[in-house]
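# Coordinates in review
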Amino acid sequence: MKILVIGGVAAGTKVAAKLKRENRGAEVRILAKDKDISYAGCGLPYYVGGVIADKGALIVNTPKKFSALTGADVLTGKEAVSLDRTAKTVTVVDTETKEREMYSYDKLVIATGASAVAPRLPGIELKNVFFMRKPEDAVALRAAIESGEVKRVVVAGGGFIGLEVAENLSATDVKVSVIDMASQILPGFDPEVAAYVERHLADRGIVCFTGTKLEGILGDERVEKIKTDRRAIKADAVVLSLGIRPNTAFLAGSGIELTSGGTIKVDGQMRTNDPDVYAVGDCVTVTNRITGAPAWSPMGSSANIEGRLAARELAGEQPTYPGVLGTGVCMLPELNVGRTGLTEAAARDAGYDVAAVTAVVDDKAHYYPGASNFIVKMIADRKSGKFLGLQVLGKGAVDKMVDIAVVALTMGATLHDLENMDLAYAPPFSTAIHPFAHTLNVLLNKISGEMDSITPTEYMEGKAAEYKIIDVSINPTLEGVPYIDITKINGTLPEYGTDEKLLLVCAKGKRAYMTQNRMKFYGYNNTKVLEAGHTFNEIETEE
């Protein structure tokens, strides 16, 4: 069987390597447009910041090494320009000679990936305009930084890659700003979580301008300013991280079914509408594992899973891809962020009766050196208890929180299924009640009515306006706010009526909940706990 793979980064090389292991006799050939195959695209920002010192480390495999290791044939500098499904041939152009060549197949795998969006903007041709998609992009940006000519950089795009670039540039003492035309940074997170990250970045010198459209790049020969729909910003360089587009233009007229965004539609076996043509990686749309809706997941992790599955299908197995969850993690200055599953907004749009809570929990034993907090937003369906998603921020290992949530989502677990899990504990790693379990307990308390709270979003929307803020921290913390010490509550409080609306605020929310519990016993039925306390929320106090 003759297998032709178009594209040679994560998904394409995974198909070839796995298929040759499954069927050594298969004739597998990769056609790659670039000279490099199997490079670490997700590692590019860390080369810019010097965390990865050697650019050679970004190249996972050379064509020669890959061929020797797997037995697959690799041809580089071959750009696919058309597909003839009837003749089962792909026409390519040699990027050096410009000559056209034709390759036949029995089965075709399209793994052409995606390219960085390059908008038609005035000044985009100026020196020091960079992208961040290929190793040469990172090499060029780092060289410009090390030359000393770049002191101020604007990153256009507030997604994972843009923020990772900003974080690494900031570590080199470059002044960094981020702009994004969306209303928030970090798509895939709920707005209040993204807003917290934005404030955190600003405190560390990375200012984000959301709702800001890039209109042009100004300068004579090199970048001097950027023009936005709000104002001009001085810059010595611009990094465009405005998203990616699937490399599927060569399929025009082929009859391969595409989405409106240009990605290839595939089934659970990674087959297109042509049973002899498969597609994997950044150029395809798959499904959301929870809702079954179409989902685009241009991630290295997804690409490898899809490539492996397609290879197994081609080898005669019958696997089925259940879909993606939108899982991701990102390292920022003194803060790691992670997510999986549905956001609160997405869960509502999917028809769930959403119950969500935001909690601040210890990431390891509080007395252990280096202990910090996780800020966790957990989402579930109120009626069924079905676990739906998680977003987490913290200095520590947010990925372990995300990965527990991924397993729960994969197994279709309910909140009660997840109660009392025997998770790993030792002071250097976790708390006796694991931070995931702690958050789960808070959400269950909220659903049962044991805790009556106001969410950070509700607080931002002014839904606590009728409530009197009460500081219930261990020690008085909020200036100009009345203070109550839980240890002194042994009956009704003469200064507050039992029907008075009181918003209980502490550092994390835990002590506020404990205070509410005690006050309920003494007849106070109109108190609210501010979820995540003043650690997460910006408290509005009277002067």
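Here we summarise the structure given alongside this text. Small disclaimer: the values here were computed from a predicted structure and weren't measured.

The periodicity of an α-helix, 3.6 residues per turn, causes residues three or four positions apart to be oriented the same way. Here helix α1 (residues 10–22) is 13 residues long and its end C-alpha atoms lie 18 Å apart, about the 18 Å a rise of 1.5 Å per residue gives. Buried within α1 we find Ala 11, Gly 12, Thr 13, Val 15, Ala 16, Ala 17, Lys 18, Leu 19 and Lys 20. Looking at the buried positions of α1, the neighbouring elements they touch are β1 (2–6), β2 (27–32), β3 (37–39), α3 (63–70), β9 (107–110) and α7 (300–314).

This part is about the sheet that holds strand β26 (residues 354–362). Strand order in the open sheet formed by 5 strands is β24-β25-β28-β27-β26, with antiparallel pairing between adjacent strands. Two strands in the sheet have a free side with no partner beyond their single neighbour: β24 (328–332) and β26. Taken pair by pair, the neighbouring strands of this sheet meet at an average axis angle of 10°, ignoring direction. Looking at chain direction, β24 and strand β25 (residues 335–341) are connected through 5 bridges and run antiparallel. Bridge pairing links Met 331 to Asn 336 in β25. Sheet strands in contact with helix α5 (residues 160–171) are β24 and β25, and its direction is about 20° off that of β24. Of the strands in this sheet, β26, β27 (373–381) and β28 (387–394) touch helix α11 (residues 435–448), which is tilted by about 140° from β26.

Strand order in the open sheet formed by 4 strands is β29-β32-β31-β30, and the pairing between neighbours is parallel. Edge positions in the sheet fall to β29 (453–454) and β30 (468–471), since each has one partner strand and no second. In terms of strand pairing, β29 meets strand β32 (residues 527–530) through 2 bridges, oriented parallel. The residue bridging Ile 454 from the neighbouring strand is Leu 530, located in β32.

With 4 of its 5 residues buried, strand β12 (residues 152–156) lies for the most part within the structure. In this structure, β12 lies alongside strand β18 (residues 237–240), joined through 4 bridges in parallel fashion. Across the sheet, residue Val 155 finds its bridge partner in β18, namely Val 239.

As a further point, take a nonpolar patch on the surface. A cluster of nonpolar side chains, namely Tyr 367, Tyr 368 and Tyr 425, defines an oily patch on the protein surface of about 340 Å² accessible area. Within the secondary structure, Tyr 425 is located in the loop between α10 (415–418) and α11.

So, about the pairing of strand β15 (residues 214–218). Sheet topology places β15 next to strand β16 (residues 225–228); 4 bridges connect them, and they run antiparallel. Pairing of Leu 214 across the sheet is with Thr 228, part of β16. Linkage of β15 to β16, two consecutive antiparallel strands, is achieved through a turn of 6 residues, within which Gly 219 is found at a positive phi near 155°.

Further remarks concern the environment of Pro 333. Along the chain, Pro 333 turns up in the loop between β24 and β25. Relative accessible area serves as the criterion here: at 13%, Pro 333 is assigned to the buried category. Considering only alpha carbons, one finds Pro 333 and Ala 182, 151 residues apart in sequence, at a separation of 22 Å. Excluding residues within four positions of it along the chain, Pro 333 makes contact with Glu 167, His 200, Leu 201, Arg 204 and Ile 206.

Core analysis: the largest hydrophobic core is formed by 50 residues, its most contacted members being Phe 387, Leu 390, Val 392 and Phe 436. Those elements that place two or more of their residues in this core are β26, β27, β28, α9 (398–410), α10, α11, β31 (502–505) and α13 (510–521). Looking at this core, the element that brings in the most residues is α9, giving 7 residues. If we skip the residues at most four places from it in the chain, Leu 390 touches Gly 338, Arg 339, Thr 340, Val 376, Lys 377, Met 378, Met 401, Val 402, Ala 405 and Phe 436. Of all hydrophobic cores here, the second largest spans 49 residues; its members include Ile 37, Leu 108, Ala 310 and Tyr 321.

Attention shifts here to unusual backbone geometry. Non-glycine residue Lys 98 carries a positive phi angle of around 65°. Mapped onto the elements, Lys 98 comes out in the loop between β7 (89–94) and β8 (100–104). Even without being glycine, Met 270 reaches a positive phi, approximately 70°.

Let's shift gears to α9. Taking 1.5 Å of rise per residue, the 13 residues of α9 would be expected to cover 18 Å, and the 18 Å separating its terminal C-alpha atoms lies within 8% of that figure. Every buried residue belonging to α9 is among Val 398, Met 401, Val 402, Ile 404, Ala 405, Ala 408 and Leu 409, and all of these are buried. Along α9, the residues classed as buried sweep out an arc of 160° about the axis, all on the same side. Summarising the contacts, the buried residues of α9 are in contact with β24, β25, β27, β28, α10 and α11.

What counts and what doesn't
- Residues numbered from 1 in each chain as written.
- Predicted model: local features only at pLDDT ≥ 70, side-chain atom pairs only at ≥ 80, totals over all residues.
- Heavy atoms only, no water.
- Helix = DSSP H or I, 4+ residues; strand = E, 2+ residues; numbered from the N terminus.
- Expected span 1.5 Å × (residues − 1).
- Buried < 20%, exposed > 50% of the residue type's maximum accessible area, 1.4 Å probe, protein only.
- Contact = heavy atoms within 4.5 Å.
- Pairing = 2+ DSSP bridges.
- Axes fitted to C-alpha atoms, helices over the stretch in contact; angles between N-to-C directions.
- Patch = residues over 30% accessible without salt bridge, like charges linked within 9 Å, V, L, I, M, F, W, Y side chains within 5 Å.
- Areas by Shrake-Rupley, 256 points an atom, 1.4 Å probe, with all protein chains shown as cover.
- Salt bridge = Lys/Arg side-chain N within 4 Å of Asp/Glu carboxyl O.
- Core = buried A, V, L, I, M, F, W, Y, C linked by side-chain atoms within 4.5 Å.
- Arc of directions from axis to C-beta.

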